[in-house]
Amino acid sequence: MLAATLAMGALAGWAVATPSFTSPVDSVNLFKRISSGCSTSGQASCHNTTKQTDLCCFESPGGLLLQTQFWDTDPSTGPSDSWTIHGLWPDNCDGTFTENCDASRAYTDIAGLLTAQGASSTLEFMQQYWVDINGQNEKFWEHEWSTHGTCYSTLETSCLPSGSPKGAEAVAFFNTVVKLFKTLPTYDMLASAGITPSTSKTFTLSTLTSALKSATGVTPALNCDGSNLNAIEWYFNLKGSVIDGQFEAIDAPSKGSCGSSGIKYPPKSGSSPSVRQCCLDPTPPSGLPSKGTIHASTTGGLLTGGTWSVQTLATYTFSGSASSFTMSTSKGKCGVSGGQLTCGSGVSATTFSAVTSGSNLLLAVSGSTAFSSDVSPSGSAQETVFTGSSHSKTYTLSIMSS
């Protein structure tokens, strides 16, 4: 089996000349990423010659990893010049697999989880390149995590550093999937070989796989819906942890479902070319406004009492600068006591700060932008807002000028 190693690269450019793919820290994100503490110099998954007992640092039994991508055209998803993410699946070394391995970690509100733990840039990328054909992105992400992500031995909660917030292993999973996808710009690889979507041309399987092998050194599996090319599977073994390990690209163990000839690569209809993530330059907020509303990253925002709701948001008054300010509503001063945010008469004012994240100005308490509640609000319900991510629904709060 031919082995190669894929390097990290921007989506707009790709190469395999550098030594390895290792998940780096994304400088856009607010918080330090967790580290597995695992070495990447040991044996690769599915290639061990001795029994491995530390499954926090050796992926098993699911050591055959598939980075799967879609080419959706009816309806179209994602940019017209990029494939989109399906997932990262841990097949067993013999090609069998298990799914839905831990129902207790079937997290919901993935967008809120990512935002609350500083992975807002990952979420922004997912919203363009990891999209559901029926527009149900959140359900799609929840499915991929609960079905496949919970089956990684290196992402067990017992493998995480002490004090890691709830769901940190899922955040690490989505960060890694996005970074691995960025090293595999299938559209660009094919286009560089003169293979672009067409309403009239057909291609042989060998033409397609040869172009992809020329770019990466390995042969992926191509899948078709009838004669239409619609999916690809890139295979890997792993040294170390999914969190920050080294992905070693290998030839696919099977060729996929496409026939040997007559393969169509139809264009996407109604999609625009991608805006390369490398080149986005969001305009940062100009500063702390004197008055504004506070919006949750998932849905709704804050009312006058400091509760979370989907009703009409309250107007907050901010006094101070972004680095240190107090805030109040028509009910009175706002403060945090016992980890709970409230606003009203008799409340002792807390000093807050605001953290710039892309184009958002995030409310922070003691430097942390994470907030959580027991459930998401609906209808006229108002939910208590807690600092930190210890409750089941996590989110961030953005200050917007009114």
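Let me sum up the structure you'll find in this document.

**Some thoughts on helix α4 (residues 168–182)**
And then number 1: A rise of 1.5 Å per residue sets the reference length of α4, with its 15 residues, at 21 Å; its end C-alpha atoms lie 21 Å apart and thus fit the reference within 8%.
And then number 2: Most of α4 is tucked away, with 14 of its 15 residues classed as buried.

**What about the environment of A370?**
And then number 1: By the secondary structure assignment, A370 is in the loop between β17 (360–364) and β18 (371–373).
And then number 2: Not counting residues up to four positions away in its chain, the partners in contact with A370 are A116, F386, T387, G388, S389 and Y395.

**A look at the packing of helix α2 (residues 120–129) against α4**
And then number 1: As a packed pair, α2 and α4 sit with axes 10 Å apart at the nearest point and diverge in direction by 60 degrees. On the basis of their axis angle, the class for α2 and α4 is oblique. Regarding α2 and α4, the two cross each other, and that crossing is left-handed. Note on element contacts: α4 touches α2 through F174, N175, V178, F181 and K182, opposite T122, F125, M126 and Y129.
And then number 2: Along the lines of polarity and charge, the residues of the contact of α2 with α4 split into 6 nonpolar, 2 polar and 1 charged.

**Points about the pairing of strand β7 (residues 246–250)**
And then number 1: With 5 of 5 residues buried, β7 is to be regarded as a mostly interior element.
And then number 2: Burial along β7 is two-sided: the face carrying Q246, E248 and I250 and the face carrying F247 and A249 are both buried.
And then number 3: Strand direction decides the pairing type here: strand β6 (residues 228–239) and β7, joined by 5 bridges, are antiparallel. The residue of β7 that forms the bridge with K239 is Q246.
And then number 4: In sequence, β6 turns back onto β7 through a hairpin of 6 residues, with G240 there showing a positive phi of about 90 degrees.

**Focus: helix α3 (residues 137–147)**
For an α-helix, the turn length of 3.6 residues means that residues three or four places apart are oriented alike.
And then number 1: The buried fraction of α3 is high, at 8 of 11 residues.
And then number 2: Tucked into the core, α3 has its buried residues touching β2 (64–70), β3 (84–91), α1 (110–116), α2 and α4.

**Topic: the pairing of β6**
And then number 1: A large share of β6 lies buried, amounting to 10 of its 12 residues.
And then number 2: Both β2 and β6 contribute to a ladder of 6 bridges, which runs antiparallel. Across the sheet, L65 pairs through a bridge with F236, a residue of β6.
And then number 3: Inspection of the sheet shows strand β5 (residues 221–225) paired to β6 by 5 bridges, in the antiparallel sense. By the bridge assignment, N223 is partnered in β6 with A231.
And then number 4: Between the end of β5 and the start of β6, which pair antiparallel, lie 2 residues, with G226 showing a positive phi angle near 70 degrees.

**Examining unusual backbone geometry**
And then number 1: In this structure, the amide linkage connecting S60 to the following residue, P61, adopts the cis form with an omega of 5 degrees.
And then number 2: Cis peptide bonds are those with omega within 30 degrees of zero, and the linkage from D74 to P75 qualifies with -5 degrees.
And then number 3: Locating P75 in the fold gives a position in the loop between β2 and β3.
And then number 4: Positioned with a positive phi, N100 is a non-glycine residue whose angle comes to about 50 degrees.
And then number 5: Following the sequence through the fold, N100 ends up in the loop between β3 and α1.
And then number 6: Of note, the phi angle at D109 is positive, near 55 degrees, even though the residue is not glycine.
And then number 7: Looking at the element boundaries, D109 is found in the loop between β3 and α1.

Cut-off values and rules
Residues numbered from 1 in each chain as written. Predicted model: local features only at pLDDT ≥ 70, side-chain atom pairs only at ≥ 80, totals over all residues. Heavy atoms only, no water. Helix = DSSP H or I, 4+ residues; strand = E, 2+ residues; numbered from the N terminus. Expected span 1.5 Å × (residues − 1). Buried < 20%, exposed > 50% of the residue type's maximum accessible area, 1.4 Å probe, protein only. Contact = heavy atoms within 4.5 Å. Axes fitted to C-alpha atoms, helices over the stretch in contact; angles between N-to-C directions. Parallel < 35°, antiparallel > 145°, perpendicular 65-115°, else oblique. Left-handed = near helix turned anticlockwise from the far one by under 90°. Nonpolar A, V, L, I, M, F, W, Y, C, P; charged D, E, K, R; others polar. Pairing = 2+ DSSP bridges.

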